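# Fold and geometry: a report
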Amino acid sequence: SNIWKSYHHNVELFYDFIRINDDLRDIDFKRNLAEKNTLCEKAEKLILEKSINKMHNDLQNLHERWKNIGPVKKDLRENIWKRFQEATKIINKKRNEYFLLKKENDNKNLKLKNEICSKIIELTKDNISSHNQWVILTDKCVELEKNWKKIGKLSKEKNKIAWSILRKALNNFYQSKKEFYKKKKVDELNILKSKIKICEEAESINSNRNWEENSNKIIQLQKAWKRTGFINKKKSDELWKR
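Attention now moves to the packing of aromatic side chains. Scanning the entire structure with this criterion turns up 11 aromatic pairs. Ring centres 5.5 Å apart and planes at 50° place the aromatic pair W66 and W81 in the tilted group. Residue W66 is found in helix 2 (residues 52-67), and its partner W81 is found in helix 3 (residues 74-122); the two are separated by 15 residues along the sequence. We classify W66 as buried; its relative accessible area is 9%. For W81, a relative accessible area of 38% puts it in the partly exposed group. For the pair W134 and F173, a centre-to-centre distance of 5.5 Å together with 70° between the ring planes defines the contact as edge-to-face. Of the two residues, W134 is situated in helix 4 (residues 131-150) and F173 in helix 5 (residues 156-204); the sequence distance between them amounts to 39 residues. Residues W134 and F173 agree in their burial class; the two are buried. These aromatic residues form a ring-pair network of at least three members: W134, F173, Y174, F180 and Y181. Note that K113 overlies the ring of W148, its terminal NZ or CZ placed 3.5 Å from the centroid.

The following block contains the structure:
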């Protein structure tokens, strides 16, 4: 009788432990389900987030939290996971579409920028022979550069390529301009020397009293003067007066 009572007492204790364990499991399941439902709600709200980076980073954090939450009842596991995955798929699709559109815009903007660079290069294709031409072309170059900068932003990699092409086009333009004025300076110096020489020759005629011969020389010097070309107006007027 004592052994029987002891046996039943221990059997009752055993089943009490099982009931307690089942109750604790049910509590865990409910708590885990509530936490996972909260994560699903947060993931679904992220779909409306405007910042792609924030949306992506927050989703990664939600997935990390999901991993650390325990299981739910077996008959609810598939549905709760499916709900979470559905929100994840929508967010990832939205992110992928954003980057595809960004890539498309990058290519479009890069093409527009490169077309402007080609126009800058075209400015110096023809022979430019005057200061006024360079003034007009410089204004055009400045305007093209402004238009280039107005075009939308590019990705870091494409932006580097675009700036490299622009710098090359601008360097080509301003180097051509620099060479023109360098040559113009040399040409003006030679013209100046020629005009001074003509003045000196004209002045030397004063000592000659052969007026007919002097007239012929003056006529020749005037023709030579016209052939010398143009220089700074102020300097040219001074020499012409001389």
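As for its placement among the helices and strands, L33 is situated in helix 1 (residues 2-46). When the C-alpha atoms of L33 and L239 are compared, they prove to be 100 Å apart, with 206 residues separating the residues in sequence. Ignoring any residue separated from it by four or fewer positions in sequence, one finds L33 in contact with V72, L76 and I80.

Scoring rules and cut-offs
- Residues numbered from 1 in each chain as written.
- Predicted model: local features only at pLDDT ≥ 70, side-chain atom pairs only at ≥ 80, totals over all residues.
- Heavy atoms only, no water.
- Phe/Tyr/Trp six-rings, centres within 6.5 Å; stacked < 30°, edge-to-face > 60°.
- Helix = DSSP H or I, 4+ residues; strand = E, 2+ residues; numbered from the N terminus.
- Buried < 20%, exposed > 50% of the residue type's maximum accessible area, 1.4 Å probe, protein only.
- Lys NZ or Arg CZ within 6 Å of the ring centre and 35° of its normal.
- Contact = heavy atoms within 4.5 Å.

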